Amino acid sequence: MKRKDFIRNSSGILLGSVISPNFMANLNPSSTINMGVIGTGGRGKGIIKLINNLAGINVIAVCDTLSFRLKEGFDLIRNNKNSKLYNDYRKLLDNKNIDGVIISTPLNTHDKIAVDALDADKHVYCEKTLAKGAAATRRILNKCKTSNKIFQTGHQYHSSRLYKELVNMIEDGKVGKITSIEAQWNRNGNWRKPVPDPSLERQINWRMYREYSFGLLAELSSHQIDFANWIIKANPKKALGIGGVHYWKDGRETYDNIKVIYEYPEGLKATYTCLTSNAKDGYKIMVMGDKGTLTIFNNAAWFYPEGEYKPEYGEVDGVSGATNNWSEGKGTPLDIVHLDPTKQALIDFRDSIINNMAPLSGVTIGAKAAYAVDMGIKAMDTGEMIYWDDNNYIL
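Reference entry: report on the structure contained in this document. Positions within a chain are numbered from 1, following the residues in the order the chain's sequence is written. For a predicted model such as this one, the threshold for reporting local features is a pLDDT of at least 70, and the threshold for listing and counting side-chain atom pairs is 80 or more; totals across whole chains, interfaces and linings nevertheless cover every residue. Remark: hydrogens and water are excluded; side-chain values derive from all non-hydrogen atoms of the structure.

## Describing the overall build of the protein chain
Helix and strand labels come from DSSP, where a helix needs a run of H or I of at least four residues and a strand needs a run of E of at least two; each type is numbered from the N terminus. Broken down by element type, the protein chain carries 11 helices and 17 strands. Each of the 395 residues in the protein chain was classed as buried or not, and the buried ones make up 52%. Contact between two residues is taken to exist if any of their heavy atoms lie within 4.5 Å; hydrogens are not considered. Across the protein chain, the fraction of contacts at a sequence separation of at least 24, relative to all contacts at a separation of at least 6, is 69%. Relative accessibility under 20% of the residue-type maximum defines a buried residue, over 50% an exposed one, and the middle range a partly exposed one, all with a 1.4 Å probe and only protein chains included.

## Regarding the packing of aromatic side chains
A pair of Phe, Tyr and Trp rings is counted when the ring centres sit within 6.5 Å of each other, with Trp represented by its six-membered ring. The angle between the planes then sorts it: under 30 degrees is stacked, over 60 is edge-to-face, the rest tilted. Counted according to the given criterion, the structure contains 12 aromatic pairs. Ring centres 6.5 Å apart and planes at 85° place the aromatic pair Y157 and F227 in the edge-to-face group. Of this pair, Y157 sits in the loop between β6 (151-153) and α7 (161-171) while F227 sits in helix α9 (residues 216-232); the two residues are 70 residues apart in sequence, bridging distant segments of the chain. Relative to Y283, the ring of W185 has its centre 4.8 Å away and its plane inclined at 85°; by these criteria the two rings are edge-to-face. Taken together, the positions of W185 in strand β7 (residues 178-185) and Y283 in strand β11 (residues 283-289) put the pair 98 residues apart, joining distant regions of the chain. Per residue, the accessibility class of W185 equals that of Y283, and both read buried. Chaining the aromatic ring pairs together yields one cluster made of Y157, Y163, F227 and W230. Criterion for a charge above a ring: Arg CZ or Lys NZ at most 6 Å from the ring centre, at most 35 degrees from the ring normal. Of note, R210 hangs over the ring of Y255, and the distance from its end group to the ring centre comes to 5.3 Å.

## Focus: the nonpolar core
To form a nonpolar core, buried Ala, Val, Leu, Ile, Met, Phe, Trp, Tyr and Cys residues must be joined to one another through side-chain atoms within 4.5 Å. Core analysis: the largest hydrophobic core is formed by 85 residues, its most contacted members being F151, F227 and Y262. When sequence neighbours within four positions are dropped, the list of residues in contact with F227 reads Y157, Y163, V167, I170, I285, V287 and I296.

## Quick look at the packing of helix α5 (residues 110-119) against helix α6 (residues 134-145)
Contact geometry of α5 with α6 gives a least axis separation of 9 Å together with a crossing angle of 10°. On the basis of the axis angle, α5 is roughly parallel to α6. Counted together, H110, D111, A114, V115, L118 and D119 of α5 and A136, R139, I140, K143 and C144 of α6 form the full contact between these two elements. For this scheme, ten residues count as nonpolar: Ala, Val, Leu, Ile, Met, Phe, Trp, Tyr, Cys and Pro. Four count as charged, namely Asp, Glu, Lys and Arg, and the remainder, Gly too, count as polar. By residue class, the composition of the contact of α5 with α6 is six nonpolar, one polar and four charged. Angles run from 0 to 180 degrees between N-to-C directions of axes, and those axes are lines fitted to C-alpha atoms, restricted for helices to the stretch in contact. If an angle is under 35 degrees, it is roughly parallel; if it is over 145, roughly antiparallel; if it lies from 65 to 115, roughly perpendicular; otherwise it is oblique.

## A closer look at the side chain of Q156
Inspection of the secondary structure assignment puts Q156 in the loop between β6 and α7. A 3.5 Å cut-off defines polar contacts: any pair of N or O atoms within that distance qualifies, except that in protein one atom must be a possible hydrogen donor and the other a possible acceptor, and neighbouring residues in sequence count only when both atoms are side-chain atoms. Within polar-contact distance, the side chain of Q156 engages the side chain of T342 at 3.3 Å. Discounting residues that sit within four places of it in the chain, Q156 has contacts with R43, H223, P341, T342 and A345.

## A word on the pattern of salt bridges
One side-chain nitrogen of Lys or Arg within 4 Å of one carboxyl oxygen of Asp or Glu is enough to make a salt bridge. As enumerated under the stated definition, the model contains 25 salt bridges in all. The residue E263 makes a salt bridge to K269 at a minimum N-O spacing of 3.2 Å. Of the residues examined, E263 reaches a relative accessible area of 16% and is grouped as buried. If you follow the salt bridges from partner to partner, you end up with R192, E201, D250 and R252 in one network.

And the structure:
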């Protein structure tokens, strides 16, 4: 059954006045959503494996421009006897049995494929970052404003029950007034995949080339930037950044180390670091407030309440002789049950389609993160302060 008799605005909010009165009555809640996966590299194959173990959603087609990747993806499909392979995504979109698509292709292709998918009457799950640059982001936003399909971006923290509970804690005042966010996603490795044929280097290692990707900020830090946007409930006002290729001298064009600082309203600073030459602490976010610090790792979180300053004054000069002894609060692990965030995001995408619900991570959420990434890249490339521009970053 096709699920198209409703309209959504760019934020994924239902415009109920134009919903067909028979829509919900005709929709079978047990319907299986037939999906096509466009892009069967590491991410696409991982998504196929997850969908194989989910009820109510089924992969029936895959697409990739590399023949060996296409076969790898196809071989993963559960009960693939009647499934289809395509080396051109437009042919996949012509398949009327497909209800929606997963876009897990290089960043520079997201906007074209997403717009074409919506035009083909497909629901869309588009991996992060939403698009490469402001113009591409606006193209997707504008198309969603005239489309009646579900559009979910791959910022899966919004589906994570761990992150949702952390957001609730922050909103309840657990950390107090947030004054700083410090995030890192560090690795020790060249991020390079083996290439069976030198002619395929740029297609396989696309994250290292500017034609295809914005590199570390878009592929890793964008998740953490999205989380900051979520808890601050605002867009960054300006960005400063430094990046470069200083360690892996292997012909890559995207930076192998980055540090970007965003300033939000009321002077709140958020700092993002990505290294490929040191993995100390790996992934971490620290949300720092006047009541405590929330420290978030891949699958766990700790809360550290603020301690107290106890001033000790010198005998001669109460200012220059003053010292501060810090009594630190002990950290407490937060025991929050949650599924793999990508798995939960796919479940939520399925449920949004079947139940006609706005996705937790809609196109506007994805656009805000994409615009912030665009600011950070421009800041690193130019060495200048980049400001949020309402005329360019249109929501």
